[in-house]
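Understanding the architecture of this molecule
These are the residues of each chain, in order.
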Amino acid sequence: QVQLVESGGGLVQAGGSLRLSCAASGLPFSILTMGWFRQAPGKERELVASVSWNGGMSYIANSVKGRFTISRDNAKNTVYLQMNSLKAEDTAVYYCAAKTRATLASSNDYNYWGQGTQVTVSS
């Protein structure tokens, strides 16, 4: 029943900015955390940011800290990932995910996933 649809990906020049959106529908009331992951070819899937659905607490991975921010608009059932000062190494497929746990920094306990959106940063 849960659907997570990412949008906002595309091609951007290094140093530029991009904002990803995740439109959620059918989320169970038990969902506590929304997260953004990314995966580049040949690399492990990486949790880049997460936010508590109701409390507003957030986690930002060290690799993107200071450049990325996560936010959510509960009224719109939407989660955002604002990406600034983009680097070539940020190129990846970015996935939105949701889980029923409040473990913000944990990456292996997500229950629902979107299909992903491609972000390509050119040099």
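Now for a look at the structure at hand. (Residues numbered from 1 in each chain as written. Predicted model: local features only at pLDDT ≥ 70, side-chain atom pairs only at ≥ 80, totals over all residues. Heavy atoms only, no water.)

Within the largest apolar cluster, 30 residues are counted, with the highest numbers of intra-cluster contacts made by M34, W36, L81, M83 and Y94. Within the residue set of this core, elements represented by two or more residues are β3 (18-25), β4 (33-39), β5 (46-52), β7 (68-73), β8 (78-83), β9 (92-99) and β11 (117-122). (Core = buried A, V, L, I, M, F, W, Y, C linked by side-chain atoms within 4.5 Å. Buried < 20%, exposed > 50% of the residue type's maximum accessible area, 1.4 Å probe, protein only. Helix = DSSP H or I, 4+ residues; strand = E, 2+ residues; numbered from the N terminus.)

Relative to the helices and strands, R38 is located in strand β4. A polar contact is formed between the side chain of R38 and the side chain of Y94, at a distance of 3.0 Å. Apart from the residues within four sequence positions on either side, R38 is in contact with E44, R45, E46, V48, S63, V64, F68, E89, D90, A92, V93 and Y94. (Polar contact = N/O pair within 3.5 Å; in protein donor to acceptor, adjacent residues only side chain to side chain. Contact = heavy atoms within 4.5 Å.)

What follows concerns the state of the cysteines. Taken as a whole, this structure holds one disulfide when the rule is applied. What pairs with C22 in a disulfide is C96, and their sulfur atoms sit 2.0 Å apart. One disulfide, between C22 and C96, carries an S-S torsion of -80 degrees and so falls in the left-handed class. One end of the pair, C22, is in strand β3; the other, C96, is in strand β9, with 74 residues separating them in the sequence. Owing to a relative accessible area of 0%, C22 belongs among the buried residues under this scheme. According to the relative accessible area criterion, C96 is buried, its value standing at 0%. (Disulfide = S-S within 2.5 Å.)

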